[in-house]
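# Per-entry structural report
Here is what each chain is made of, one letter per residue.
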Amino acid sequence: MTRNTHPDVAHNLALAIIASSNAPALLLGGDLNIIAASASFCRGFAFDPQDVAGRPLFELGAGEWDVPQLRSLLRATLAGHAKIQAYEMDLNGDAEPRRLVLNAQKLDYGDAEQVRLLLSVSDVTEARISEKLKDDLLREKAILLQELQHRVANSLQIIASVLMQSAKQVQSEETRTHLRDAHNRVMSIATVQQQLAASRLGEVELRGYFTQLCESLGASMIHDHSQLSLDVSADDSKVNADISVSLGLIVTELVINALKHAFPGDRGGKILVDYHSEGQDWKLSVSDDGVGTPEKLAAAKPGLGSSIVDALANQLKATVQTEGSDPGIKISIQHVDSAAAKTVPKSRE
């Protein structure tokens with residue numbers, strides 16, 4: 001209300017606002033007595049409208065509205081020293097406690113005796129109960145997920161151990177090789193699971209992820225680290241968990257393939273895992289300086305590892321390219337944002 005409004009007009013306007021309000025609201029005088037109450041207030045708090053007008057706010061019901069902090073805030077608002085905005089309080093009466101949100105606005109008519117407060121009340125009890133239930137469910141889900149991750153990690157370790165023990169006991173070298181391959185794949189999946197479990201924000205930092213993954217592969221497959229090295233070069237890229245799983249499995253397959261075929265006998269060398277991105281475009285490559293050549297690789301019958309890499313690259317909408325690095329082989333998986341590529345104008349010939 002402005003100071004230029006006639007007090008009687010302003011007062012009648014305030015009463016009209018209360019009468020037409022669909023929300024619980026009270027018009028209070030300078031002594032904090034109730035001048036008028038909306039029908040929804042009386043209905044919501046089970047008051048007889050004829051018993052509300054003229055009564056002090058703090059004597060409503062069984063005195064449950066007489067909250068010291070609310071009393072202090074209302075008086076400070078009347079004096080112009082404070083504002084009540086989204087003040088939450090518990091209303092503890094004979095019935096179940098209710099959670100209320102209060103807002104108060106001072107209506108100043110330019111006359112100290114005509115000061116009024118417009119107090120609106122919202123019952124958020126059900127909303128707060130729903131929020132608490134949601135929080136409890138999320139907390140329970142987090143605990144169950146943590147327990148599941150713990151059980152999965154233990155199960156993977158047991159499976160890997162059984163595979164390694166079986167590889168040591170079988171007589172067939174071919175069977176032993178297959179069992180060791182299975183062991184390495186299980187260990188790589190265990191590393192993936194461990195890294196994803198540690199990610200709290202739903203994104204995985206690839207440099208640390210690839211480094212940990214390669215350390216796990218190197219520990220199980222490289223016998224002499226002074227002769228054969230496995231390094232990672234990556235930028236600060238972060239991707240969501242689903243993409244990181246696919247990238248991790250691609251790295252696992254390509255590194256295992258290089259360790260198995262690129263360095264026969266006691267040959268030494270180096271394997272490099274490289275990942276860099278720019279915007280939505282990215283490129284992952286695994287290169288070695290071993291004995292392989294693209295021609296030999298192309299002539300060989302595609303194995304399980306190659307099929308896995310091709311399938312994962314297709315899932316990521318990426319292409320696979322194999323090239324010689326003299327010596328060795330470099331296999332790249334590259335993703336180019338097709339939407340961005342279409343916006344680039346073609347050069348004139």
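What comes next is a walk through the structure. On a predicted model such as this, the values are computed, not experimentally measured, just so you know. (Residues numbered from 1 in each chain as written. Predicted model: local features only at pLDDT ≥ 70, side-chain atom pairs only at ≥ 80, totals over all residues. Heavy atoms only, no water.)

## A word on the overall build of the protein
Of regular secondary structure, the protein possesses 11 helices and 12 strands. In the protein, which comprises 349 residues, the share counted as buried stands at 34%. Considering only intrachain contacts with a sequence separation of at least 6, the fraction spanning at least 24 residues in the protein is 56%. Total accessible area computed for the protein in this model is approximately 20,800 Å², and 51% of it derives from carbon and sulfur atoms. (Helix = DSSP H or I, 4+ residues; strand = E, 2+ residues; numbered from the N terminus. Buried < 20%, exposed > 50% of the residue type's maximum accessible area, 1.4 Å probe, protein only. Contact = heavy atoms within 4.5 Å. Areas by Shrake-Rupley, 256 points an atom, 1.4 Å probe, with all protein chains shown as cover.)

## Here we look at the packing of aromatic side chains
Aromatic ring pairs: the centre-centre distance and the angle between the two ring planes describe each pair. Within this structure, the stated rule accounts for seven aromatic pairs. Ring geometry for F41 against F45: centres 5.0 Å apart, planes inclined by 40°, an arrangement best described as tilted. Each member of the pair, F41 together with F45, is buried. An aromatic cluster is built from F41, F45, F47 and W65, whose rings are joined through pairwise contacts. R71 extends its terminal NZ or CZ atom over the ring of F58, reaching a point 4.1 Å from the ring centre. (Phe/Tyr/Trp six-rings, centres within 6.5 Å; stacked < 30°, edge-to-face > 60°. Lys NZ or Arg CZ within 6 Å of the ring centre and 35° of its normal.)

## Digging into the sheet that holds strand β2 (residues 34–37)
If you walk across this open sheet you meet the five strands as β2-β1-β5-β4-β3, and the pairing is antiparallel. Looking at the sheet topology across the chains shown, the edges are occupied by β2 and β3 (84–91). The sheet shows a mean angle of 25° between the axes of neighbouring strands, taken without regard to direction. Relative to β2, strand β1 (residues 25–28) runs antiparallel, the two being bridged by three bridges. Among the inter-strand pairings, L28 is bridged to a residue of β2, identified as I34. Across the sheet, helix α4 (residues 68–78) is in contact with β1, β3, β4 (98–107) and β5 (116–123); its angle to β3 comes to roughly 160°. Here helix α5 (residues 125–169) sits on the sheet in contact with β3, β4 and β5, set at roughly 130° to β4. (Pairing = 2+ DSSP bridges. Axes fitted to C-alpha atoms, helices over the stretch in contact; angles between N-to-C directions.)

## Here we look at helix α8 (residues 241–261)
Here α8 spans 30 Å end to end across 21 residues, near enough to the 30 Å set by a 1.5 Å rise per residue. Between the side-chain oxygen of the N-cap and the backbone nitrogen of I243 there are 3.0 Å, and the N-cap of α8 in question is N240. (Expected span 1.5 Å × (residues − 1). Polar contact = N/O pair within 3.5 Å; in protein donor to acceptor, adjacent residues only side chain to side chain.)

## Overview of the sheet that holds strand β12 (residues 329–335)
An order of β7-β9-β10-β12-β11 is seen for the five strands of this open sheet, with the pairing classed as mixed. Because the sheet does not close on itself, it has two edges, and the strands there are β7 (228–234) and β11 (319–324). When the angles between neighbouring strand axes are averaged without regard to direction, this sheet yields 10°. Of the strand pairs in this sheet, strand β9 (residues 269–278) and strand β10 (residues 281–288) are connected by eight bridges, and their pairing is antiparallel.

## Considering the pattern of salt bridges
Close approach of charged atoms allows side chains with opposite charge to pair. Under the defined criterion, the tally for this structure stands at 12 salt bridges. As a salt-bridge pair, D66 and R71 come within 2.6 Å of each other at their nearest N and O atoms. The exposure class assigned to D66 is partly exposed, which follows from its relative accessible area of 37%. Judged by relative accessible area, which is 24%, R71 ranks as partly exposed. Residues E173 and R176 are paired through a salt bridge, measuring 2.4 Å at the closest nitrogen-oxygen approach. Of the two residues, E173 and R176 are both situated in helix α6 (residues 173–198); the distance of three residues between them amounts to about one turn of the helix. Here the residues in one salt-bridge network are E88, D90, R99, R128 and E131, joined through shared partners. (Salt bridge = Lys/Arg side-chain N within 4 Å of Asp/Glu carboxyl O.)

## A look at the environment of D337
Take D337: it is sitting in the loop between β12 and α11 (338–343). Those residues within four positions of D337 in sequence are excluded, and the remaining contacts are Q280 and D281.

## Structural notes on a nonpolar patch on the surface
A contiguous nonpolar patch, built from L145, L148 and V152 and spanning about 240 Å² of accessible area, is present on the exposed surface. Mapped onto the secondary structure, L145 falls in helix α5. (Patch = residues over 30% accessible without salt bridge, like charges linked within 9 Å, V, L, I, M, F, W, Y side chains within 5 Å.)

## Describing the nonpolar core
Ranked by internal contacts, the top residues of the largest apolar core, which has 37 residues, are Y275, L284 and I333. For this core, the secondary-structure elements that each account for two or more residues are α7 (206–221), β7, α8, β9, β10, α10 (304–315) and β12. The element that contributes the greatest number of residues to this core is α8, accounting for eight residues. In contact with I333, not counting residues within four places along its chain, are I250, L254, W282, K283, L284, V309, A313, A318, T319 and V320. Core analysis: the second largest hydrophobic core is formed by 28 residues, F47, L78, Y87 and L102 among them. (Core = buried A, V, L, I, M, F, W, Y, C linked by side-chain atoms within 4.5 Å.)

## Section: the side chain of S332
Tracing the chain through its elements places S332 in strand β12. A relative accessible area of 3% means that S332 is categorised as buried. Excluding residues within four positions of it along the chain, S332 makes contact with K283, L284, S285, T319, V320, Q321 and E323.

## Concerning unusual backbone geometry
For L32, which is not glycine, the phi dihedral falls at a positive 65°. As for its position among the elements, L32 is in the loop between β1 and β2. Judged by its relative accessible area of 4%, L32 is buried. Even without a glycine there, the phi angle at A86 is positive, about 55°.

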